[in-house]
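Residue-level listing of the chains:
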Amino acid sequence: MEFLNPYMLWGLLAVALPVIIHFWYQKKGKQIAWAATQWLIDKTSLQHRGIRLDEIPLLLIRCLLVVLLAMLLSRPVLSWFGKDIKKEEAHLVQADHKVVSNFRFEIESALKRQEKVVWIGAGLKPLTDIASIPEEKSGLASLQRSVNSTANDNTHLNLYLNNSQEISHLPKILIPGTYKLNVVRDSSRKLENPLSGLARKLGKTNINVLIDYRNPDESRTVQAGLKALRVVFKIPFHIDLKSGSPNQYDWIFTDKPITKPNAQTLYVVPEGNMGEKVFENVIQVSDSLRLATSDIVQNGQLPEWLGEMLIEHYDLEENTNPLSGRQLDAAFGRVKPGKGPLSDGLHQWLLLLLVLTLILERWISLNQSIARKYA
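These numbers were taken from a predicted model, which means no experiment stands behind them.

Asker: Can you walk me through the sheet that holds strand E12 (residues 282-285) in this structure?
Answerer: Sheet strands associate in pairs through backbone hydrogen bonding, adopting either a parallel or an antiparallel arrangement. Spatial ordering of the open sheet is given by E9-E8-E10-E11-E12, a layout of five strands whose pairing is parallel. Each having just a single partner strand, strand E9 (237-240) and E12 make up the two edges of the open sheet. For this sheet the average axis-to-axis angle between neighbouring strands, irrespective of direction, equals 15°. The sheet contact formed by strand E8 (residues 207-212) and E9 spans four bridges and is parallel. Residue pairing across strands places Ile207 opposite Phe237, the latter belonging to E9. Sitting on the sheet, helix H9 (residues 216-233) touches E8, E9 and strand E10 (251-254), and the angle it makes with E8 is about 160°.

Here it is as structure tokens:
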């Protein structure tokens, strides 16, 4: 049995209230001397000695009323009728080499048992050969749609995924029936520098750079820093030393005034070059980028500083830390059972039993009151 509102079961603790009230009224009252009571002493002492047995059924009925009310509010759903139904095993696999390699045994065993094994996305292609992994550009964006097409209330779904931040960016994945998460940590992505494949990420063939300084030493220093980035991260810089159209450059190093900065271009200029104007895409340096004047150049940190500038400007920094167990549990959840014939029928029977018990309690209580009045 499952409950749609399980927190309402805390109401069962209220069963103690009728018991407390019952024994509270059994306490012996304070005796007050009164002349006329001598004719009633024998009768009342006999009638009120100890716990009256005729009140025990009324006490139990009132306790039952509290239990029925708590059960009614918690909305129980009978699920034991379907326990004999064997759940169908289904498998959803992310089209990723690391996932397939890590869970090769589980996937091959499922194929041998002729269970349903499907790639996530990829047109829901059945997985027949783990050697041929389809290219899926949408990643996990189609995960919910794949779950809806593969699983139902009588399915036990096995999910094989990369444990990455991409899962946390999705809306909560709701799964009918039961499920099991099989995740592998993609640790290799953490080693990848955000600058790797920069031109591909930006959809460009080259990163066009203009270096336009009056001082040739400063120009050569910046060229050396960019060439170091090009060698290490294979960034295809195309460097110009003569100014052309400002709109055709992705990055401009200059000590000349900039009147109309392009929002898509990153500028590196001396401090005070822009006056009091502040632009997000303009980096102002206090010293010229020469060996004699710049601490960054003297310490050999110029390539690293230029790389950090690119990462911040193009927002390339990604959180590649794997999700914790709590985050994974929060990203997935079971579909709550809807109001079916079993839940509706049980709710009606509980409501009927509550009404009948309430009528019985009132009838017994009134009869006892009348009996005491005329006793």
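Next comes the rest of the write-up.
Asker: What is the right way to read H9 from this model?
Answerer: For an α-helix, the turn length of 3.6 residues means that residues three or four places apart are oriented alike. With 18 residues, H9 should reach 26 Å at 1.5 Å per residue; the first-to-last C-alpha distance of 26 Å fits that figure. All of the buried residues along H9 are Glu218, Ser219, Thr221, Val222, Gln223, Gly225, Leu226 and Leu229. In this structure, the buried side of H9 is in contact with E8, E9, E10, helix H10 (295-298) and helix H11 (302-313). Here H9 starts with a cap whose side-chain oxygen sits 2.9 Å from the backbone nitrogen of Asp217, and that cap is Asn215. Just downstream of H9, Lys234 is the residue with a positive phi angle, here 55°.

Asker: Explain the side chain of Thr265 to me, please; I cannot follow it from the model alone.
Answerer: When you line up the elements, Thr265 lands in the loop between E10 and strand E11 (266-270). Here Tyr249 takes part through its backbone oxygen, which lies 2.8 Å from a polar atom of the side chain of Thr265.

Cut-off values and rules
- Residues numbered from 1 in each chain as written.
- Predicted model: local features only at pLDDT ≥ 70, side-chain atom pairs only at ≥ 80, totals over all residues.
- Heavy atoms only, no water.
- Pairing = 2+ DSSP bridges.
- Helix = DSSP H or I, 4+ residues; strand = E, 2+ residues; numbered from the N terminus.
- Axes fitted to C-alpha atoms, helices over the stretch in contact; angles between N-to-C directions.
- Contact = heavy atoms within 4.5 Å.
- Expected span 1.5 Å × (residues − 1).
- Buried < 20%, exposed > 50% of the residue type's maximum accessible area, 1.4 Å probe, protein only.
- Polar contact = N/O pair within 3.5 Å; in protein donor to acceptor, adjacent residues only side chain to side chain.

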